[in-house]
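Secondary and tertiary structure notes
Given next are the chains, with one letter for each unit.
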Amino acid sequence: MRRQTRIDIRRFSAGQGPGRGPYDSTLVPIVLAKWLITTAAVFAAAYMIENIEVSGFLSALVAAAAIGLLNLFFRPVLLVLTLPINVMSLGLFTFIINALMLKIASVLTPGFLVVGFWSTVFGSIIISLVSWILNSLLADIQRPGPGSGPGRRPGSGPGPGPGSGSDDHIDLEKRGDRWE
C-alpha cells in the first residue's frame, strides 16, 4: 500500500519574515475585527444592564482594548492561581474572574463605568456571549472553501506540470515503515 503526502516548503523556509508568510497578511484585519466585536459586546452590555455606562464609541473602543489586554496578560495567571477554587466550583469561579477583568477595565477606562457586583458579573456574561456569537460568525467567514489550502494557486490542477506549484512541494511516498 502506497501512501503519498505533500509538504509545503514555503511554510518552513527560513527566508520568511513577519508579514511575508501566506497566513501573516490576514492577522491585522482579524485583530481589528475582534476588537470591533468586543466593542460591540461592550455596547450590548451597556444597553442591557442599567449599571453599565459607556459615554461614547471611543470609550467603548478603549474599554474593549483594556478588556482584551487584561484577558491576554492577567486572566491566564488568575486562572492558574485560582485553579483549586475553580475545580471545586466546577468552573463557575471563571465568571468571577471575568467580572474582575471587567471591573479593572472599568477602573482603567474613562467614560466606561460598571457599578455593583452583580452588574459586573452579568455584564461579563453578556460580553462573553456576544463576543462568542460574533466571533463564531467571523470564523465562518474566514473558513476557506475546498481546494484552497496552502500551496494551491487559482487554476492549478493536481499533479506535476506547469502552474501546479511543484517547485514549492516535496512529494513523499511511504514504503513500509519509512518515507522516501
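Here, every reference points to the structure presented above.
A short tour of the structure in this document, coming up. Quick caveat: nothing in here was measured; it's all calculated off a predicted structure.

Turning to a nonpolar patch on the surface, a few remarks are in order. The grouping of Leu69, Leu72, Phe73 and Phe74 at the surface amounts to a nonpolar patch, some 450 Å² of accessible area in total. Assignment of secondary structure puts Phe73 in helix α2 (residues 57–73).

With that out of the way, let us pick up unusual backbone geometry. Even without glycine at this site, Leu90 takes up a positive phi of about 60°. One can find Leu90 in the loop between α4 (83–88) and α5 (93–108). What makes Leu90 exposed here is its relative accessible area of 78%.

A word on the packing of α2 against α5. Contact geometry of α2 with α5 gives a least axis separation of 9 Å together with a crossing angle of 135°. Compared by their axis directions, α2 and α5 come out oblique. When you trace α2 past α5, the crossing you get is right-handed. Residues Ala63, Ala66, Ile67, Leu70 and Asn71 of α2 touch α5, and the partners they reach there are Met101, Leu102, Ile104 and Ala105.

With that settled, consider helix α1 (residues 27–48). Think of an α-helix as 3.6 residues a turn; residues three or four steps apart then line up on the same face. Spanning 22 residues, α1 covers 31 Å between terminal C-alpha atoms, matching the ideal 32 Å at 1.5 Å per step. Within the sequence span of α1, burial applies to Ile37, Thr38, Thr39, Ala41, Val42, Ala44, Ala45 and Ala46.

As enumerated under the stated definition, the model contains three aromatic pairs in all. Relative to Phe57, the ring of Phe43 lies with its centre 6.4 Å away and its plane at 15°, an arrangement referred to as stacked. Of the two residues, Phe43 sits in helix α1 while Phe57 sits in helix α2, which places them 14 residues apart along the sequence. With a relative accessible area of 33%, Phe43 lands in the partly exposed category. A centroid spacing of 5.0 Å and a plane angle of 75° characterise the contact between Phe117 and Trp118, whose relative ring orientation is edge-to-face. Trp118 sits in the exposed class, given a relative accessible area of 56%.

Moving on, we get to the nonpolar core. Core analysis: the biggest nonpolar cluster contains 19 residues, and Val42, Ile52, Val54, Ile67, Leu102, Phe112 and Ile127 have the highest contact counts within it. Put simply, the parts of the chain that give this core at least two residues each are α1, β2 (52–54), α2, α5, β3 (112–114) and α6 (117–142). Take this core: its biggest share by element is five residues, from α2. Residues in contact with Ile52, not counting those within four places in the same chain, are Ala45, Ala46, Phe112, Leu113, Val114, Ser119 and Gly123.

So, about the packing of α1 against α2. Angle between the axes and distance between the axes: these two values describe a pair of packed helices. It is at 8 Å that the axes of α1 and α2 come closest, and there the two elements cross at 115°. Accordingly, the angle class assigned to the pair α1 and α2 is roughly perpendicular. At the point where α1 passes α2, the crossing takes the right-handed sense. Between α1 and α2, the residues in contact are Trp35, Leu36, Thr38, Thr39, Val42 and Phe43 and Phe57, Ala60, Leu61, Ala64, Ala65 and Ile67, respectively.

Parameters at a glance
- Residues numbered from 1 in each chain as written.
- Predicted model: local features only at pLDDT ≥ 70, side-chain atom pairs only at ≥ 80, totals over all residues.
- Heavy atoms only, no water.
- Patch = residues over 30% accessible without salt bridge, like charges linked within 9 Å, V, L, I, M, F, W, Y side chains within 5 Å.
- Areas by Shrake-Rupley, 256 points an atom, 1.4 Å probe, with all protein chains shown as cover.
- Salt bridge = Lys/Arg side-chain N within 4 Å of Asp/Glu carboxyl O.
- Helix = DSSP H or I, 4+ residues; strand = E, 2+ residues; numbered from the N terminus.
- Buried < 20%, exposed > 50% of the residue type's maximum accessible area, 1.4 Å probe, protein only.
- Axes fitted to C-alpha atoms, helices over the stretch in contact; angles between N-to-C directions.
- Parallel < 35°, antiparallel > 145°, perpendicular 65-115°, else oblique.
- Left-handed = near helix turned anticlockwise from the far one by under 90°.
- Contact = heavy atoms within 4.5 Å.
- Expected span 1.5 Å × (residues − 1).
- Phe/Tyr/Trp six-rings, centres within 6.5 Å; stacked < 30°, edge-to-face > 60°.
- Core = buried A, V, L, I, M, F, W, Y, C linked by side-chain atoms within 4.5 Å.

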